[in-house]
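A closer look at the structure
Each chain is listed here by its residues.
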Amino acid sequence: MMDQLSFGLSRLEGLSSLGQDRGDGDGDNEGDDDGDGIPVTDKIISPQSTAPRLVHQSSRTSIYRFQDKGIKILLGDNLGDPQPHQWQVKRLSHEQSISRHLLLSCKSREVLSIQPFNGHPLALYFRWANGSTLKEWMRKVQRGAPGVTSFTLTHRSDNEFSHIQQNHIRRSSAYESVIDGNSLYFENSGCAANSPFSTSKISHPAPRATEDLNVRLRAAMAIAKTLADCHAAGVAYNNLTPDNVVLDTFEGDYVATLIDLSEAAIFSSGTLLNQGSLVSIEDVAAFEKQMKQGDLKSLGVVLNQLFRGFEDDSTSSSITRHNANTVAFSGADTPSEMWAEDARRKRNKQMEASEGLPIYLASLISTLLLTGSKTNSLNSPVSTVNYESAKDVYFDLKTMLENKNYCYRKTDLDEWMLESRLKLNIDLFYGRQVEMSMLMHLLHSVFMLGNQPSIATISGMKSTLANHIKKPIQNRDGFFIEGKFLKSSCQETVLSHALNNFFGSIIEEGIYSGNMQMSLRWRIHDAIGSGNSLLMDAIPNLRKLMAEEPSAIHTSSETSSSKSGRTNAILGSSHRLKFVFCKLIGAIACKAHPLILFLDDLQWADEITLDVMRMIVTDPDVNHFLFIGTYRDNEVSLSHPLTEKLNDLKQNGINVVSIKIGPIEKECVNALVSEALCLPPSLCRPLSTAVHTKTGGIIMFILRFLKSLNDEGLLWFSLSSRRWEFDLQKIRDKEISADVVQHMTLNMTYLDKNMQRGLKTAACLGSNFDAEILQKAKKDDDFDMDMFLVKCLEDGYLVSCDGSKQFAWAHDQVHQAAYELIPIEKRELFHLLLGSRLLMKSSSSESSKMLFFVVDNMNRGVKLLENSAQKNELAFLNLRAGEKAISSSAFHSASRYLITGLSLLEHDSWETNYNLTISLYDAASEALYVTGDFSRLSSLVEKPLKLARCFDDKLNIYNNLVRSLAASGQTEQGIDTCFRVLGQLGEAIPSTITPEIFHAEIVHIKTLLQGMSNDQLLSLSVMTDTHKLAAMQFLNHLLYLAYVAKPALAPIISFRMVENSIKYGICNITPFAFGVYGAFLVSAINADNEGGYRMGRVAMELMQRMNAIEIIPRLYTTIYSMINIWKEPFQASLSKHLEAYDIGAHRGDMEFAISNLFQYVNMSIYGCGENFGGLIKNIHAYSKRAFQCQQHMAGKCLIVAHQLAFDFMGVEENAYSLYFAGMTEESCFDSSCQNNQSAICRYICQKRKHVTFWTGDMDVAAEMYELSKRFPLGSNARQVHVVVGTFVDGLIAFYFARKHRGDEAKWTAIGEDAMGTLQKWEEGSTWNFRNKRLLLEAEFNFLRGNHEMTMRCYTASINAARAHRFYHEEGLAYEKAATFLLHKHNHNGALDCFINAKKCYETWGAHAIVARVDRAIAVLLPLCAER
């Protein structure tokens, strides 16, 4: 290492950089008044000089430079004397030993040898290096010499130092750093130097000042690091001054080298003990501490000079020449005077070090300057925290460089500091880098891929996560929707309120305008259509966005005078609302504008919202969507609905990322405290350790605890030191509650009474409220509302919602803490009085808005009501609240209100207040049914069914009971209840159906319809008899129950529904009744296809006349999959099934909506031969939607169809595993058999028979034919797969009949029977059945040897299939013809037919069949003549 001259650079004119060679700047300058030495030459000493040159000389030291070496001579009176003095030997040897000790661990002078030089007996030879002393560097910066602010890293040669961009610094005695052009200088702020009352606000350095400070920080870090390395090697430097530090650059940063090791001392325990210097480990530790403190104090002086831009040699030398722990008390005679003098001296040092510097840096420097000092005064509460190592200083400087946002704040005092109030702007998601990285990864997936919705659940110590994810989503033009569940409010409305707020922000703030808003409107219109009054009512701002007028349109079921029809409409609305929510979310989210839906406190979410979430994330049409939900894990058990929903989603392959947020670690707490107080982390560690111990690392607890320490005077801002100080011992001794809520509540008790009253009142209004409601809720003289709100916002209890008069609690734990202010024994009365005040202060026009607030609070004090009048009044309010909740589809909340209302009724309410009583029971039964609380409903209805005054008052309750029995699988009880109700309504239905009864019923209904034309049926009057309307409703229920449990009863019920419609008029159920009757006619043993088709047309026209749109899904399922297939082309049904699905989904009839999707797929595959490539995506989407809507029967059938498509396409993949892990077709079939799900078993058999026939595995096809007989169709209507299955049965039969295996007669009979059936069906629809009948006839003639007729029939079948667009069956006819021609040895003709068959199969997308035909073609080609 090199030594350099310590004289000033001001004498070296023309110096082009700071990287030139200079003499040693070591401290060997005793006798020099200024310590600078005497310059020997003004010329630059070149390292290429051939002779040593004197570059520095003082009275005791001379420094020579020779090439890359330096030579140090200690001057004395022995010049020419061959024997050196003992002190010279000792001093040079000491420096050499220190150098060798530090050689590998610290940047310090490298001593090469000790040998004679130029007549001197001893000289120290050392390695010369480049750089600049810190003193030179600071002077250069101070003089404004060229090349100072930031260094460049282009070269690191021996002659080059880092270049620093020019920056001016001039000295002043004031506080503030100001940017003036390119200059950083200290400007008087207008306050006296010792005045603490500067009122400037906190400022941050401008970019150029920041750049200058960065350079100084890097230099300071280099010095601290080298000193830390020195201490780590067990050496105290003891001579740290700007003269003895050389700066250089290496790999892009500063490196500091310590020169002049003459004062250094070894304190490492091993060395000292080996030398016998000290006798104990304790003595070694004390000595080590003392030595380090001296260096740290010197480091403080050096850093003070470095950052303040001037040198204070007197201070430096005083520290250098005195022990670090020595304190001089000038003129102090008594201990008290000594302490006072000491306090003044330290305060002056602190203020001097603080001036013009950031709080963070000033605190670091002032602490170093006070290293080793004791408490400021005998009575001072300050707990001194000193630096223990230079390594801590280095890391604190490094922290400052890396965290400019809070570390670069200036010392300008704002109002908060002057009043010593702690302002905490720390976010509650502090220290969650790992969790945030997981969320950012999910966001990236949503942005870039978005092919499947994702879910992130965050449990544990929830926080203000929303603020952290809004910015990245908005930066990508994404949408962010947020909502929060409350324990005591309407959970069902959270999603609609969140969406309403989202659309409101779009309208009012104009965030998304122009093309973006127009695009959003069109996507929503395409998804949900127009006139969707149910959704618009739930989300009023959506109506404003779409510019739609409120609709007064109601369906016929909603306007029906039958009260029992109301529940159907309610349930339909519930299902429909869930579906349209999915469609709406899918419309909002797109690749250009991804969507995040954030819902807080999912532990209080209702079943409906959880179901909507499940539907959204499993909806195949929803892409670029991320759902984030937070919940308290201590309130969510393994049996909680949320856990069950999440487990179901995981099993269905949905990406669910679970993030657990626990307490933050001790180091993170230290970083938080450091940022909050703007103090270096090392100085905060004792405080942060105490805070972590007290709070357990809970972020909310930490912030409130720091606030309480500030309020209690244990943490304050010192105007003298201009930094935050604290009483560590009292903080450690402080007793606090282990629960954050209790702790915050305790702190709130220190507030004045008016504030406490305001907090209590606001806590009873929920998680958010507006100022108007708070004004009505408070007593007139309780508190000044404006002052209360300002104080709450200032203290962080409340936050303002978008600057409006809406307010929300900053955190639910703050809300809970405020609520805990109300003593438990007084809470019921507090709520009751508050609700009463709201009721009395609300005008009639405001009553609806205030209703929930009134009822929620009064219900809390229900036990305090004593007289019947008060109870009846509150019961009536609960009825109103329940009905209002039902109208908003908030059924869970409605059930709570209505059950509470029932509990308020007196035992004699059936006599004294009958109307209120029956209304509560009626509405409660509706709410309980829709929410699925069937057990409570069954027990609740006992009283009204027994005590209601008339049968009409029981009808709606019976209706809810029957539906609940059907939904819970209690079909027998449901049938019995329907029989009882229908009996009282005058409908006698036989419970046991004998053949005689069945025949009599058929004769009766046919006689009734005989002679009635379509016009007569369509002109039937409208049913007005309420009992008959109710009877039709219960017959409809009974029809469903009978279809499941007593199939023989179902036709009788449909006959009775038709009969009632003829006798008493038509209603909205009549079209479905005629449709079911038509399906029976085409399914009877002696099928009446014409009669069934006629009833189907009547049903359709009746539906149009009644405008009964709500029954379209079930009607279309019956008409287009069971009736019209006998008259109209198969292809005509496809669009009708999709239309029915859309209507059913929009109206909540998901059972029949999904049924129509299945019929569409079924018709496409078996009937129309649609291309598999285009169909496969739809099948996958429809299957997912079926399970999404809990339609498992249809979902499994769709999976079977999915596997069929895979098989035909040649895709070797298990479709079942796409939906259920580990499921196969065999396991699905076995489980369906065990559960008596004969429809699924029959469908799997049909699928296997179909696939094996087409792929040529005829033996397995024959086995499937036999197996399917175990699952007879019975009287159920034949659908297209059954119809086509009959055609395939005939082909299989004729194939095996030609094999002549001994069972030819059996198979021939089966084939002839199928041929006869197809011939009969062709009479109704030549389009659907002619090509099939002709192909069977061709096979029959092939069997009989009538070859001429065979080829004629094949040709006719091919032409008919092509004309009717059954390309798959055209290919089959070609292939069968090819087989016949091969039999005739007509290879060329067979090859032509195979090639044509292949083209048809390619159009079909059946690549597995194409491959089979290709193999046949490959065999034939060599046999054919040249083509």
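Cut-off values and rules
- Residues numbered from 1 in each chain as written.
- Predicted model: local features only at pLDDT ≥ 70, side-chain atom pairs only at ≥ 80, totals over all residues.
- Heavy atoms only, no water.
- Helix = DSSP H or I, 4+ residues; strand = E, 2+ residues; numbered from the N terminus.
- Buried < 20%, exposed > 50% of the residue type's maximum accessible area, 1.4 Å probe, protein only.
- Contact = heavy atoms within 4.5 Å.
- Areas by Shrake-Rupley, 256 points an atom, 1.4 Å probe, with all protein chains shown as cover.
- Pairing = 2+ DSSP bridges.
- Axes fitted to C-alpha atoms, helices over the stretch in contact; angles between N-to-C directions.
- pLDDT = per-residue confidence, 0-100.
- Core = buried A, V, L, I, M, F, W, Y, C linked by side-chain atoms within 4.5 Å.
- Parallel < 35°, antiparallel > 145°, perpendicular 65-115°, else oblique.
- Left-handed = near helix turned anticlockwise from the far one by under 90°.
- Nonpolar A, V, L, I, M, F, W, Y, C, P; charged D, E, K, R; others polar.

Another point: the overall build of the protein. Helix and strand counts for the protein stand at 61 helices and 22 strands. The burial tally for the protein puts 58% of its 1427 residues in the buried class. Considering only contacts within the protein whose residues lie at least 6 apart along the sequence, 70% involve residues at least 24 apart. When the accessible surface of the protein is split by element, carbon and sulfur atoms take 50% of a total near 58600 Å².

Turning next to the sheet that holds strand β15 (residues 595-600). Strand order in the open sheet formed by five strands is β14-β15-β16-β13-β17, with parallel pairing between adjacent strands. Both outer strands of the open sheet, β14 (479-484) and β17 (655-661), are each paired with one neighbouring strand and no more. Strand after strand, the sheet turns through a mean of 15° between neighbouring axes, direction not considered. Note that β15 and strand β16 (residues 625-631) share five bridges and pair parallel. Bridge pairing in β16 links Phe598 to Ile628. Strands in contact with helix α21 (residues 641-651) are β13 (454-460), β16 and β17; relative to β17, the strand with the most contacts, it is inclined by about 135°.

Let us look at the confidence of the model for the protein. Here the protein shows a mean pLDDT of 79. Residues at 70 or above account for 80%. For residues 1-47, every residue scores under 50 in pLDDT, and the model assigns this stretch 154 contacts once sequence neighbours within four places are set aside. Confidence drops under pLDDT 50 across residues 311-339; counting only partners more than four residues distant or on other chains, this segment forms 39 contacts.

So, about the nonpolar core. By size, the foremost hydrophobic cluster in this structure holds 311 residues, and its most contacted members are Phe503 and Leu542. The contact partners of Phe503, leaving out residues within four places of it in the chain, are Ile524, Ile539, Asn541, Leu542, Leu545, Leu584 and Ile588. Residues Ala219, Leu261, Leu706 and Leu709 belong to the second largest nonpolar core, which totals 85 residues.

With that settled, consider the packing of helix α5 (residues 281-308) against helix α8 (residues 359-369). Two elements in contact, α5 and α8, have axes separated by 7 Å at closest approach and are oriented at 140°. Between α5 and α8, the crossing angle belongs to the class labelled oblique. Read as a crossing pair, α5 and α8 show a hand that is left-handed. Across the interface between the two elements, Leu296, Lys297, Leu299, Gly300, Val301, Leu303, Asn304 and Phe307 from α5 touch Leu361, Leu364, Ile365, Leu368 and Leu369 from α8. Class assignment for the residues of the contact of α5 with α8 results in ten nonpolar, two polar and one charged.

Time to look at the packing of helix α45 (residues 1070-1083) against helix α47 (residues 1112-1123). The contact between α45 and α47 brings their axes to 9 Å, and the two run at 20°. In terms of axis orientation, α45 runs roughly parallel to α47. Remark: the crossing between α45 and α47 carries left-handed chirality. For the pair α45 and α47, the contacting residues are Pro1071, Phe1072, Gly1075, Val1076, Gly1078, Ala1079 and Val1082 in the first and Arg1114, Leu1115, Thr1118, Ile1119, Met1122 and Ile1123 in the second.

With a phi angle near 55°, Asn1107 is a residue other than glycine that sits in the positive phi range. Looking at where Asn1107 falls in the secondary structure, it is placed in the loop between α46 (1089-1106) and α47. The phi dihedral of His1385 is positive, around 65°, even though this residue is not glycine. In this structure, His1385 sits in the loop between α59 (1367-1383) and α60 (1387-1404).

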